[in-house]
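Take a look at the letters that make up each chain.
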Amino acid sequence: MTMFEEIDELKKDLPKIKTISKEMNKIELNIYQRISVCIFIICLLVGVLFGNLFPSCGSSSEFYSNVCITTEFNFSLMLFIWFVSFIVCLLFFMIGRVISLLNSINDRLSKK
């Protein structure tokens, strides 16, 4: 038996798009997961807002004076807020996922 014959013998069909979409439609978000998605969207906007509200000194300004001559959008603050909010919301989302899995296990055990 050649390698190609073995591959043809062991090969499985790829799932169809309809079955994939049916599997994805069965996933429902619980309240913790919805809250984490909403908080993440709000934190993205807050990151942009804080980047504007707290600008950094421009590269053409004098560093030894107390006053910035030119200010620029604070990308580092915005990215920091985005990163922290992503981590916090991801943890919150995972807690919601664990609660969802525990509820499904409880439902299956209570049916027996």
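Residues numbered from 1 in each chain as written. Predicted model: local features only at pLDDT ≥ 70, side-chain atom pairs only at ≥ 80, totals over all residues. Heavy atoms only, no water.

## Some remarks on a negative patch on the surface
Right, on to step 1. Taken together, Glu 5, Glu 6, Asp 8 and Glu 9 make up a surface patch of like negative charges.
Right, on to step 2. Residue class for Glu 9 comes out exposed when judged on its relative accessible area of 55%. (Patch = residues over 30% accessible without salt bridge, like charges linked within 9 Å, V, L, I, M, F, W, Y side chains within 5 Å. Areas by Shrake-Rupley, 256 points an atom, 1.4 Å probe, with all protein chains shown as cover. Salt bridge = Lys/Arg side-chain N within 4 Å of Asp/Glu carboxyl O. Lys, Arg positive; Asp, Glu negative; His and termini not counted. Charge placed at Lys NZ, Arg CZ, Asp CG, Glu CD. Buried < 20%, exposed > 50% of the residue type's maximum accessible area, 1.4 Å probe, protein only.)

## A short note on the environment of Tyr 32
Right, on to step 1. Looking at the secondary structure, you find Tyr 32 in helix α3 (residues 31–53).
Right, on to step 2. For Tyr 32, a relative accessible area of 34% puts it in the partly exposed group.
Right, on to step 3. Placed 67 residues apart in sequence, Tyr 32 and Ile 99 show a C-alpha to C-alpha distance of 8.8 Å.
Right, on to step 4. For Tyr 32, the contacting residues outside a window of four places in its chain are Phe 92, Gly 96 and Ile 99. (Helix = DSSP H or I, 4+ residues; strand = E, 2+ residues; numbered from the N terminus. Contact = heavy atoms within 4.5 Å.)

## Concerning α3
Right, on to step 1. Between the first and last C-alpha of α3 there are 32 Å, a value that for 23 residues agrees with the 33 Å anticipated at 1.5 Å per step.
Right, on to step 2. Among the residues making up α3, those that are buried are Gln 33, Ser 36, Gly 47 and Gly 51.
Right, on to step 3. Here the buried face of α3 lies against α4 (75–111). (Expected span 1.5 Å × (residues − 1).)

## Digging into the packing of α3 against α4
Right, on to step 1. Where α3 meets α4, the closest approach of the two axes is 9 Å, and the angle between their N-to-C directions is 175 degrees. Between α3 and α4, the angle falls in the class roughly antiparallel.
Right, on to step 2. Across the contact of α3 with α4, the residue classes break down as 18 nonpolar, six polar and one charged. (Axes fitted to C-alpha atoms, helices over the stretch in contact; angles between N-to-C directions. Parallel < 35°, antiparallel > 145°, perpendicular 65-115°, else oblique. Nonpolar A, V, L, I, M, F, W, Y, C, P; charged D, E, K, R; others polar.)

## Here's the deal with the side chain of Ser 36
Right, on to step 1. Structurally, Ser 36 can be placed in helix α3.
Right, on to step 2. Separated by 2.8 Å, the side chain of Ser 36 and the backbone oxygen of Gln 33 make a polar contact.
Right, on to step 3. Every residue in contact with Ser 36, bar those within four places of it in the chain, is listed here: Cys 89, Phe 92 and Phe 93. (Polar contact = N/O pair within 3.5 Å; in protein donor to acceptor, adjacent residues only side chain to side chain.)

## Here we look at the packing of aromatic side chains
Right, on to step 1. Enumeration according to the criterion identifies four aromatic pairs in this entry.
Right, on to step 2. On the basis of an interplanar angle of 85 degrees and a centroid distance of 5.5 Å, the ring pair of Phe 50 and Phe 54 is categorised as edge-to-face.
Right, on to step 3. By relative accessible area, which is 32% here, Phe 50 ends up partly exposed.
Right, on to step 4. Pairing Phe 73 with Phe 75 gives two aromatic rings, centres 4.9 Å apart and planes at 70 degrees, and the pair type is edge-to-face.
Right, on to step 5. Residue Phe 73 is classed as partly exposed on the basis of its relative accessible area, which comes to 24%. (Phe/Tyr/Trp six-rings, centres within 6.5 Å; stacked < 30°, edge-to-face > 60°.)

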